[in-house]
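Listed below are the residues making up each chain.
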Amino acid sequence: VPENQPHRTCYHFQPPHNWMNDPNGPMYYKGVYHFFYQHNPFGPTFGKIMVWAHSVSYDLINWIHLKHALEPSEPYDINGCYSGSVTILSEEKPAILYTGNDNNKNQVQNLAMPKNLSDPYLREWVKHSQNPVMVAPSGIEMDNFRDPTTAWKGNDGKWRVIIGAKNGDDGKVILCHSEDFVHWILDPIPFYAIDNYGMCECPDFFPVSICGTNGVDTSVQNSSIRHVLKLSYQNEQQEHYFLGKYQPDQENFMTDTKFTGTSLDLKLDYGAFYASKTFFDYAKKRRILWGWVQESDTTKDDIEKGWAGLQSIPRQVWLDKSGKQLMQWPIEEVEKLRDKQVSILGKKLIGGSTLQVSGITASQVDVEVLFELPELESAEWLDGNEVDPELLCSEEYASKSGTIGPFGLLALASEDLTEKTAIFFRIYRTPNGYKCLMCSDESRSSLRQDLNKRTYATTFDIDPNIKTISLRSLIDRSIIESFGEEGRVCLTNRVYPSLAIDKDAHLYVFNNGTQTVFISKLNAWSMKHAEFGYEEKIENIN
Ligand code: FRU
């Protein structure tokens, strides 16, 4: 990677160089966190020879890069080792199930096991002699059958996995079961199907507890859990999920809500976040979610920079008290990187005001703010049930005045505010109660014209008695991950400012509503660099 790169992140996971996409097989195993990912070792674009790169960590924040775990080598994966997952089998033996892009460019599922279980880093993986262990069933396109999940074990002792698939425009999820993890039977009835929406990539299927924030192991089945099915819609590049009831005896998943193709659908993140995957961290009894954050920069720039793609900060996920949606929050370990802190307490933000948060390194910061709201009755009226949040937030919306809001943060902003990414709320009265719009607007994030500058948004219902609303943003040079209402809504942005870089980046709080809002408290911390190293170098330091 060339020196002096103001957009290269300092505490998000990135490979040392070249291209990265999906997170693969994250796991906690005997004191070590393992992270694999889709990687092109030969360049900063998606490549012909995709490998499973491998890194390990003791805290999910500082990482040691190891040699690749899987590289194309056999007829069944010679055109790429694609995404997959790890399952910890009996006697604590981890197994990778991954998709091979075979010598005919068909997608098949393969198994790999660690060579030496006493190696704490599990550096070497051996491909199973009976690979491929699954091929596409009839009714599924042979080159669109990929991305096996972590397996779960039923009461009958059999393992199950689901796999993403497609036939024509119809997306499908195929359920497979096995007694020994080598011989698999594919269920002819899809576990989930969605017509006319294209391929369902990278499914994830996991239980969540109905009370509390603790996670549960993937095989747990009892009355105090619900299940989540997550699908990555390839055409949209967005992460849809469904809550529901898994009935193991019928191998059936009943979703609570149907897919509508509208803004009512649940997404893990309404921004740039894709191909995500969870794992159960049994050390801390939590379920952790990783997601790939794509570039908004041009391919030409990716090639000049020498890298493309990064991972979100791992997020803890759990079921909201309402039972109707998931909640997400950056893992607590990221707080170890918090350095110099500034606070603002009890400050009035009258309509049209902008307040700078100074004294921190605004290009790499963790900021949490709690806004105190005026009486909601004064909120603007919004007619119609179904609104298009992204349309509501269209260009420059943050700078146009409303009543309660827009208010929020201006991140990675230049001093003259010609560049800024606005992350904000705006409150509406609707026929069905109060709604809050949350938006992250990249349209003014850079003076550069050649970038893909998106406006991401969603709305959520709020209680008429709500007094405060919270926002946290993790800002790291070219990424902003924002969490509204304590993790109820997540929006991730990838931005490439041309002025607001390094010391010339600033952070502001703003209110463009006619109603005053208060900053009841704001804390912002400059963030230290996470450590990324190769094994030899790290061992020398110790
Ligand atoms: C999702 C995806 C997967 C596939 C992998 C290949 O981003 O297309 O479906 O396994 O990337 O790198």
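Just so it is clear, the structure is predicted and the values come from calculations on it, not from any experiment.

K.L.:
With reference to specific residues and values, describe empty space enclosed by the protein.
P.N.:
If you walk through the whole model with that rule in mind, you get 2 cavities of 30 Å³ or more. Put simply, the largest cavity is a space of about 40 Å³. Lining the largest cavity we find Pro207, Val208, Ser209, Gly212, Thr213, Asn214, Gly215, Val216, Arg287, Val317, Trp318 and Leu319. For the lining of the largest cavity, the elements supplying multiple residues, two or more each, are strand S15 (200–209) and strand S23 (315–319). Of the residues belonging to the lining of the largest cavity, the class tally is 6 nonpolar, 5 polar and 1 charged. Here the second largest cavity is characterised by a volume of approximately 40 Å³. As for the second largest cavity, its lining consists of Tyr11, His12, Phe13, Leu60, Ile61, Trp63, Trp290, Ser312, Ile313, Pro314 and Phe532.

K.L.:
Help me get a handle on the site of the ligand, residues and values and all.
P.N.:
Taken together, Asn21, Asp22, Gln38, Phe46, Tyr82, Ser83, Arg146, Asp147, Glu201, Tyr274 and Trp292 are the residues near the ligand. Side-chain polar atom of Asp22 to an oxygen atom of the ligand: 2.7 Å apart, as the coordinates give it. Residues that form the shell around the ligand fall into these classes: 4 nonpolar, 3 polar and 4 charged.

K.L.:
So, the pattern of salt bridges: which residues are in play, and what are the values?
P.N.:
Pairing between side chains of opposite charge can happen when the charged atoms of each approach one another. By the definition in use, this model includes 31 salt bridges. Ionic pairing is found between Arg448 and Asp297, a salt bridge with its closest N-O pair at 2.9 Å. Of the two residues, Arg448 sits in the loop between strand S31 (433–441) and strand S32 (455–462) while Asp297 sits in the loop between strand S20 (286–293) and helix H1 (299–305), which places them 151 residues apart along the sequence. Taking relative accessible area as the criterion, Arg448 reaches 21% and is therefore assigned partly exposed. Judged by its relative accessible area of 10%, Asp297 is buried. Between Arg448 and Asp301 there is a salt bridge, with its nearest N and O atoms 2.4 Å apart. Here Arg448 is found in the loop between S31 and S32, whereas its partner Asp301 is found in helix H1, with 147 residues between them in sequence. Since its relative accessible area comes to 12%, Asp301 is described here as buried. Overlapping salt bridges bring together Asp297, Asp301, Asp302, Lys305, Arg448 and Asp450 as one network.

K.L.:
Talk me through the environment of Ser526; I want residue IDs and the actual numbers.
P.N.:
The topology assignment puts Ser526 in strand S37 (residues 517–527). For Ser526 and Lys267, which are 259 residues apart along the polypeptide, the C-alpha to C-alpha distance reads 30 Å. The residues touching Ser526, leaving out its near neighbours within four places in the chain, are Leu337, Arg338, Asp339, Lys340, Ile360, Thr361 and Gln364. Only 2.8 Å separates the side chain of Ser526 from the backbone nitrogen of Thr361, close enough to count as a polar contact.

K.L.:
A description of the sheet that holds strand S27 (residues 364–372) should follow, citing residues and the corresponding values.
P.N.:
Across the sheet, which stays open at both edges, the 6 strands sit in the order S25-S37-S27-S33-S34-S35 with antiparallel pairing between neighbours. In this open sheet, the two strands that pair with only one neighbour each are strand S25 (338–349) and strand S35 (489–494). Going from strand to strand, the sheet's axes swing by 15 degrees on average, the running direction of each strand aside. One ladder, built from 6 bridges, connects strand S33 (residues 468–476) with strand S34 (residues 479–484); its direction is antiparallel. Looking across to S34, one finds that Ile475 is bridged to Ile480.

K.L.:
Provide a residue-level description of the layout of surface pockets, including the pertinent values.
P.N.:
By volume, the largest pocket is sized at about 750 Å³. Surrounding the largest pocket, 34 residues form its lining, Leu264, Leu266, Tyr270, Lys324 and Gln325 being those nearest its centre. Counting only elements with at least two residues in the lining of the largest pocket, the list comes to strand S17 (238–247), strand S24 (326–330), S32 and S35. A per-class count over the lining of the largest pocket returns 13 nonpolar, 11 polar and 10 charged. In this structure, the lining of the largest pocket is formed jointly by two domains, domain 1 (18–330) and domain 2 (336–527), each of which donates at least three residues.

K.L.:
Help me get a handle on the side chain of Thr255, residues and values and all.
P.N.:
Structurally, Thr255 can be placed in strand S18 (residues 252–255). A polar contact is formed between the side chain of Thr255 and the backbone oxygen of Thr257, at a distance of 3.0 Å. With near-sequence residues (within four places) excluded, Thr255 lies in contact with Tyr192, Phe242, Leu243 and Gly244.

K.L.:
An account of the packing of aromatic side chains is needed here, citing residue identities and associated values.
P.N.:
The geometry of an aromatic ring pair is captured by two quantities: the separation of the ring centres and the angle between the planes. This model, assessed by the stated rule, comprises 38 aromatic pairs. Centre to centre, the rings of Phe13 and Phe35 are 5.0 Å apart; their planes meet at 70 degrees, and the pair counts as edge-to-face. Highlighted residues: Phe13 in the segment before strand S1 (18–29) and Phe35 in strand S2 (residues 32–40), separated in sequence by 22 residues. The class for Phe13 is buried, based on a relative accessible area of 3%. Arranged with centres 5.3 Å apart and planes meeting at 85 degrees, the rings of Phe205 and Tyr246 form a pair that is edge-to-face. Of the two residues, Phe205 sits in strand S15 while Tyr246 sits in strand S17, which places them 41 residues apart along the sequence. Judged by its relative accessible area of 1%, Phe205 falls in the buried class. Classification of Tyr246 as buried rests on a relative accessible area of 7%. Taken together, Phe13, Phe35, Tyr37, Trp63, Trp290 and Phe532 form an aromatic cluster joined through their ring pairs. The cationic tip of Lys305 hangs over the ring face of Trp307; the distance from NZ or CZ to the ring centre is 4.9 Å. The ring of Trp525 carries Arg338 above its face, with NZ or CZ at 3.6 Å from the centroid.

K.L.:
Tell me about unusual backbone geometry, residues and numbers included.
P.N.:
Between Asn131 and the following residue, Pro132, the backbone shows a cis peptide bond with an omega angle of -5 degrees. Structurally, Pro132 is set in the loop between strand S8 (125–127) and strand S9 (145–146). In this chain, Gly405 is followed by Pro406 through a cis amide linkage whose omega measures 5 degrees. Checked against the element boundaries, Pro406 lands in the loop between helix H2 (389–392) and strand S29 (407–413). Phi at Glu486 takes a positive value of approximately 55 degrees, unusual for a residue other than glycine. The topology assignment puts Glu486 in the loop between S34 and S35. Of note in this structure, Asp502 is not a glycine but carries a positive phi near 45 degrees.

K.L.:
For the sheet that holds strand S3 (residues 51–57), give the residues involved together with the corresponding values.
P.N.:
Strands sit in the order S21-S1-S2-S3-S4-S38 across an open sheet of 6 strands; the sheet is mixed. The open sheet has two edge strands with one neighbour each: strand S21 (307–308) and strand S38 (532–534). In this sheet, S38 lies alongside strand S4 (residues 63–65) in parallel orientation, the contact comprising 3 bridges. Each bridged residue has a counterpart across the sheet, and for Ile64 the counterpart in S38 is Gly533.

Thresholds, definitions, all that
Residues numbered from 1 in each chain as written. Predicted model: local features only at pLDDT ≥ 70, side-chain atom pairs only at ≥ 80, totals over all residues. Heavy atoms only, no water. 1 Å grid on protein atoms, 1.4 Å probe; cavity = no way out; pocket = protein on both sides within 12 Å on 5 of 7 lines; lining within 4 Å. Points joined across faces, edges and corners; volume = space filled by probe spheres on them. Helix = DSSP H or I, 4+ residues; strand = E, 2+ residues; numbered from the N terminus. Nonpolar A, V, L, I, M, F, W, Y, C, P; charged D, E, K, R; others polar. Near = heavy atom within 4 Å. Polar contact = N/O pair within 3.5 Å; in protein donor to acceptor, adjacent residues only side chain to side chain. Salt bridge = Lys/Arg side-chain N within 4 Å of Asp/Glu carboxyl O. Buried < 20%, exposed > 50% of the residue type's maximum accessible area, 1.4 Å probe, protein only. Contact = heavy atoms within 4.5 Å. Pairing = 2+ DSSP bridges. Axes fitted to C-alpha atoms, helices over the stretch in contact; angles between N-to-C directions. Domains from an automatic or database assignment. Phe/Tyr/Trp six-rings, centres within 6.5 Å; stacked < 30°, edge-to-face > 60°. Lys NZ or Arg CZ within 6 Å of the ring centre and 35° of its normal.

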